[in-house]
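Observations on chain architecture
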Amino acid sequence: MGRGDLTDEQGAVLEPLLPEGTKVGRPPVWPRRRLIDGIRFRVRTGVPWRDVPAEYGPWGRIYDLFRRWQRDGTWHRIFTRLQSLADAKGAITWDLSVDFTVCRAHQHAAGARRRGDLQKEPPGGVFTEPGDHGLGRSRGGFTTKLHLAVEQGQKPMSIVVTAGQRGDSPQFESVLEKVRVPRIGPGRPRVRPNRVRADKAYASRKSRAYLRRRGIRCTIPDKADQARNRRKRGSHGGRPPRFDSVAPPHYDTPPAPLAALDITG
């Protein structure tokens, strides 16, 4: 087993969630667990598919499994089920952190078709491809921005992909609206965290009003210009938002069910 490969414990959690094979006869030369380890290696390191180590199997087989399960929604179903198992065991701390990261697009991305449906191989998948493919011009060049909400085990709860020049604060509500963890037994999926942590980029009135409307506590520092303008207005400026700068974050160890399929790198 290589560094970062699935452990036997993680493999036992993941195995019942995989789709059943349709072919009969001899077992495949390359087990699916080995191919999945190859997919996770590629996503974790960012190497080209052709450079995935040979011990994981032929790179074409690895890519074919990744793309096939991406098209039919298998990855999404597995990840949602792992979230449900983790939540049922109390392994998810519902104090979410919201932030973003920027990814530099490959130089070949500049030649992407403006209409994805006309590509030789359409994007596919269970989600709609953004009209701009999540690519845009920013100070960093041709980039994509990933907006994430993560629980305190640092596992993703939701993600929104936008072009690199898109603002951070306008995506705050979209990220939290995508948080949805179905329950193992009866009951509605859990969609509301106990608390949201974020930096000053998300300190807008709109974001705070959204959290108050849903009854979600927040730990978001106030911007200096907002505090200055509030003081200028005197009693009409209202009370400053409460912010506890010494409240320690509750970081836990990564929940075992979610760790079984960390394909986010």
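A few points on the structure. (Residues numbered from 1 in each chain as written. Predicted model: local features only at pLDDT ≥ 70, side-chain atom pairs only at ≥ 80, totals over all residues. Heavy atoms only, no water.)

Inspection of every chain in the model, using the stated rule, returns 6 aromatic pairs. Seen in terms of ring centroids, F41 and Y56 are 5.6 Å apart; in terms of plane orientation they differ by 35°. Their pairing is tilted. Placement of F41 in helix α2 (residues 32–45) and of Y56 in the loop between α2 and α3 (59–71) is noted, with a sequence separation of 15 residues between them. By relative accessible area, which is 17% here, F41 ends up buried. Judged by centre distance (5.6 Å) and plane angle (40°), the ring pair of F172 and Y202 falls under tilted. Within this pair, whereas F172 is found in helix α5 (residues 172–177), its partner Y202 is found in the loop between β5 (195–197) and α6 (205–213), the two being separated by 30 residues in sequence. (Phe/Tyr/Trp six-rings, centres within 6.5 Å; stacked < 30°, edge-to-face > 60°. Helix = DSSP H or I, 4+ residues; strand = E, 2+ residues; numbered from the N terminus. Buried < 20%, exposed > 50% of the residue type's maximum accessible area, 1.4 Å probe, protein only.)

Here we come to the pattern of salt bridges. Taken as a whole, this structure holds 5 salt bridges when the rule is applied. Note that D37 is salt-bridged to R40, the shortest N-O span being 4.0 Å. Of this pair, D37 and R40 both sit in helix α2, separated by 3 residues, roughly a single helical turn. Each member of the pair, D37 as well as R40, is classed as buried. (Salt bridge = Lys/Arg side-chain N within 4 Å of Asp/Glu carboxyl O.)

The next point concerns the packing of α3 against helix α4 (residues 74–88). In the contact formed by α3 and α4, the axes pass within 5 Å of each other and the chain directions differ by 75°. Judged by the angle between their axes, α3 and α4 are roughly perpendicular. Counted together, L65, F66, W69 and Q70 of α3 and T74, W75 and I78 of α4 form the full contact between these two elements. Looking at the contact of α3 with α4 residue by residue, the classes come out as 5 nonpolar, 2 polar and no charged. (Axes fitted to C-alpha atoms, helices over the stretch in contact; angles between N-to-C directions. Parallel < 35°, antiparallel > 145°, perpendicular 65-115°, else oblique. Contact = heavy atoms within 4.5 Å. Nonpolar A, V, L, I, M, F, W, Y, C, P; charged D, E, K, R; others polar.)

Our focus in this paragraph is the packing of α2 against α3. Relative orientation of the contacting elements α2 and α3 amounts to 85°, with a least axis distance of 9 Å. One way to sum up the angle between α2 and α3 is to call them roughly perpendicular. Listed contacts from α3 to R32, L35, I36, G38 and I39 of α2 are R61, I62, L65, F66 and W69. Its residues assigned to classes, the contact of α2 with α3 shows 7 nonpolar, 1 polar and 2 charged.

Counting along an α-helix, one turn takes 3.6 residues, and residues three or four places apart therefore face a common direction. Given a rise of 1.5 Å per residue, 15 residues ought to cover 21 Å, and the 21 Å separating the end C-alpha atoms of α4 matches this to within 8%. Taken as a whole, α4 has its buried residues at T74, W75, I78, F79, T80, L82, Q83, S84, A86 and D87. (Expected span 1.5 Å × (residues − 1).)

Bringing the pairing of strand β4 (residues 156–163) into the picture now. In terms of residue burial, β4 counts as a mostly covered element, since 6 of its 8 residues are buried. Across 7 bridges, strand β3 (residues 141–150) lies against β4 in antiparallel orientation. Residue L146 lies in a different strand from β4, and its bridge partner there is V161. Linking two consecutive strands that pair antiparallel, namely β3 and β4, is a turn of 5 residues; a positive phi of about 65° is found at Q154 within it. (Pairing = 2+ DSSP bridges.)

A separate point is empty space enclosed by the protein. Following the criterion strictly, the structure yields 1 cavity of 30 Å³ or more and no others. In this structure, the largest cavity spans a volume of roughly 50 Å³. As for the largest cavity, its lining consists of L6, G11, L14, E15, L18, R32, R33 and I36. Those elements that provide at least two residues to the lining of the largest cavity are α1 (8–14) and α2. If you tally residues by element for the lining of the largest cavity, the top one is α2, at 3 residues. Tallied by class, residues from the lining of the largest cavity come to 4 nonpolar, 1 polar and 3 charged. (1 Å grid on protein atoms, 1.4 Å probe; cavity = no way out; pocket = protein on both sides within 12 Å on 5 of 7 lines; lining within 4 Å. Points joined across faces, edges and corners; volume = space filled by probe spheres on them.)

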